[in-house]
Amino acid sequence: MTADAHPLISFVDVRKTYGTRTGQVKALWDVSFDVQRNELVTIVGPSGCGKSTLLKLLAGLIPVSGGEIRLEGRLVKSPQPSIGMVFQNPVLLQWKDVLGNVMFPATILKLDRAAARARAHELIHMVGLAGFERTYPGELSGGMQQRVALCRALLFRPSILLMDEPFGALDAMTREELSVELLKICQDEVKTVLFVTHSISEAVLLGSRVVVMTYRPGRVAEIVDVGLEWPRDLAMTTRPDFQEYVALIRSKIATSQVRGR
C-alpha cells in the first residue's frame, strides 16, 4: 500500500474525558499520530485504553475534549460522510434480507437506487455471499453477517474505513478467513483503514503499522512499522520475523499496563 507526502488523517494531542457521578474519567490523553492515504493501520492496547473512542472521535460521532483531529487538513467537528464503519456486532436489520441490509445506506444517503443496487450485488459477490441476497440475518452464521456489514459499509465507496474489533466475536478459523478477505478487499478497493483489535497476530498480519496504546488514559506507547512484504497471507504467521513483531508488541502492551498501575 502506497503513502502520500501529506497525511490523510492527523491526530494532534487528542484528549477525551467523560463525566461520571464520581468525577472525570480520562479515556485518551495527548494522542498524536498520522495516517497516510491507502494505509492500513491497526490499533492494539489493553482493554479500556480508548481504542474504540479514537475511532468514534475520527468519525465525528463524539467531540474531542482537547487537541484536534484533521481529515485532509480540515478539522473534524461533525459526522464525516467519507467514513464507513464496521463494528464488532454487525447490527443488521433483522427484518431486511442481505440485499436490503447492504442497500440500507442508499436510502439514508439518497443514492441513485439503480447504481446502488448494482454496487450491492458486486460487493455481495466479492465477499462470497452470491446466492444469499434474499436470506435474512437470523439464517446466517456470524462470519456471514460480518461480511454483510462490511458490504454495507463499502456501498457508498467511503474513502476511509473504520473497523472496531469486527472479527472479535468469531471463532479462530472464521476470524483468519475474514482477515485475509479484508486484505484482498483493501487491495481491490484501495481503502485507508483503521482497524482496532485485541489480537496482536491480527494486528501484525493486517497492518502496515501498528499503533500500540497504553493503559488508560490511552496514550501512544509506540508505533511499530511492520516490514513484512505484500501481499500477506496466513502462512506468514508461522515465520520467525512475524513472531518477532508479535513478541515486540506484546512486550510494549505489558509494559504499558504495569506503568498504568
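It should be noted that the structure appears before, not after, this text.
Residues numbered from 1 in each chain as written. Predicted model: local features only at pLDDT ≥ 70, side-chain atom pairs only at ≥ 80, totals over all residues. Heavy atoms only, no water.

What follows concerns the overall build of the protein. Assigned secondary structure in the protein consists of seven helices and 10 strands. With the principal axes as the frame, the protein shows a C-alpha extent of 50 × 45 × 40 Å. Counting only residues that meet the buried cut, the protein has 51% of its 261 residues in that class. Intrachain contacts of the protein at a sequence separation of at least 6 include 69% that bridge at least 24 residues. If you sum the accessible surface of the protein, you get close to 12,400 Å²; carbon and sulfur atoms cover 52% of it. Within the protein, the 27 negative side-chain charges are centred at a point lying 9 Å from the centre of the 31 positive side-chain charges. (Helix = DSSP H or I, 4+ residues; strand = E, 2+ residues; numbered from the N terminus. Buried < 20%, exposed > 50% of the residue type's maximum accessible area, 1.4 Å probe, protein only. Contact = heavy atoms within 4.5 Å. Areas by Shrake-Rupley, 256 points an atom, 1.4 Å probe, with all protein chains shown as cover. Lys, Arg positive; Asp, Glu negative; His and termini not counted. Charge placed at Lys NZ, Arg CZ, Asp CG, Glu CD.)

Taken together, six strands build an open sheet; the order of strands is 6-7-8-3-9-10 and the sheet is mixed. The sheet is open, and its two borders are formed by strand 6 (83–86) and strand 10 (220–225), each paired with just one other strand. On average, each strand axis in the sheet is tilted by 15 degrees relative to the strand beside it, whichever way the strands run. With four bridges connecting them, strand 3 (residues 40–44) and strand 9 (residues 209–213) associate as parallel partners. Residue pairing in the sheet places Thr-42 in a bridge with Val-210 of strand 9. On the sheet, helix 1 (residues 51–59) packs against strand 3, strand 6, strand 7 (160–164), strand 8 (192–196) and strand 9 and is oriented at approximately 150 degrees with respect to strand 7. (Pairing = 2+ DSSP bridges. Axes fitted to C-alpha atoms, helices over the stretch in contact; angles between N-to-C directions.)

There is a patch of nonpolar side chains on the surface, built from Phe-104, Ile-108, Leu-109 and Leu-111 and spanning about 330 Å² of accessible area. In this fold, Ile-108 is placed in helix 2 (residues 98–109). (Patch = residues over 30% accessible without salt bridge, like charges linked within 9 Å, V, L, I, M, F, W, Y side chains within 5 Å. Salt bridge = Lys/Arg side-chain N within 4 Å of Asp/Glu carboxyl O.)

This paragraph deals with the layout of surface pockets. Within this model, the largest pocket holds a volume of roughly 560 Å³. If you go around the largest pocket, you meet 23 residues; those closest to its centre are Ile-83, Gly-84, Met-85, Phe-87 and Phe-156. It is helix 2 that provides the largest number of residues to the lining of the largest pocket, a total of five residues. Residues that form the lining of the largest pocket fall into these classes: 18 nonpolar, four polar and one charged. (1 Å grid on protein atoms, 1.4 Å probe; cavity = no way out; pocket = protein on both sides within 12 Å on 5 of 7 lines; lining within 4 Å. Points joined across faces, edges and corners; volume = space filled by probe spheres on them. Nonpolar A, V, L, I, M, F, W, Y, C, P; charged D, E, K, R; others polar.)

The subject of this paragraph is the packing of helix 3 (residues 113–126) against helix 5 (residues 172–189). Two quantities define a packed helix pair, namely the angle between the axes and the distance from one axis to the other. One way to put it is that helix 3 packs onto helix 5 with a least axis distance of 11 Å and a crossing angle of 140 degrees. By the angle between their directions, the pair helix 3 and helix 5 is classed as oblique. Along the contact surface, helix 3 presents Arg-119, Glu-122, Leu-123 and Met-126, while helix 5 presents Glu-181, Ile-185, Asp-188 and Glu-189. (Parallel < 35°, antiparallel > 145°, perpendicular 65-115°, else oblique.)

For the rest of this paragraph, the subject is the nonpolar core. Grouped together as the largest cluster of nonpolar side chains are 51 residues, with contacts concentrated most on Val-102, Leu-161, Met-163, Phe-195, Val-204, Val-210 and Ile-249. Sorting elements by how many residues they give to this core places helix 4 (residues 142–154) first, with seven residues. Discounting residues that sit within four places of it in the chain, Val-102 has contacts with Ala-120, Ile-124, Val-148, Cys-151, Arg-152 and Leu-155. Listed in part, the 27 residues of the second largest apolar core include Phe-11, Leu-28, Val-41 and Leu-71. (Core = buried A, V, L, I, M, F, W, Y, C linked by side-chain atoms within 4.5 Å.)

So, about the packing of aromatic side chains. Here a ring pair, both rings aromatic, is described through the centre-centre distance and the interplanar angle of the planes. One pass over the full model with this rule turns up two aromatic pairs. Between Phe-167 and Phe-195, the aromatic rings sit 5.7 Å apart at their centres with planes inclined by 55 degrees, giving tilted as the arrangement. Residue Phe-167 is found in the loop between strand 7 and helix 5, and its partner Phe-195 is found in strand 8; the two are separated by 28 residues along the sequence. Overall, the relative accessible area of 5% leaves Phe-167 in the buried class. Directly above the ring of Tyr-18 sits Lys-16, whose terminal nitrogen or CZ lies 5.3 Å from the centroid. (Phe/Tyr/Trp six-rings, centres within 6.5 Å; stacked < 30°, edge-to-face > 60°. Lys NZ or Arg CZ within 6 Å of the ring centre and 35° of its normal.)

Attention now goes to unusual backbone geometry. Across the junction of Arg-216 and Pro-217, the peptide omega takes the value 0 degrees, indicating a cis bond. Looking at where Pro-217 falls in the secondary structure, it is placed in the loop between strand 9 and strand 10. A cis amide bond links Trp-230 with the next residue in sequence, Pro-231, at an omega value of -5 degrees. Residues other than glycine seldom take positive phi values, yet Val-91 does so here, at roughly 50 degrees.

Under the definition given, this model contains zero disulfides. Cys-151 provides the cysteine sulfur closest to Cys-186, a residue in no disulfide bond, and the two sulfurs are 13 Å apart. (Disulfide = S-S within 2.5 Å.)

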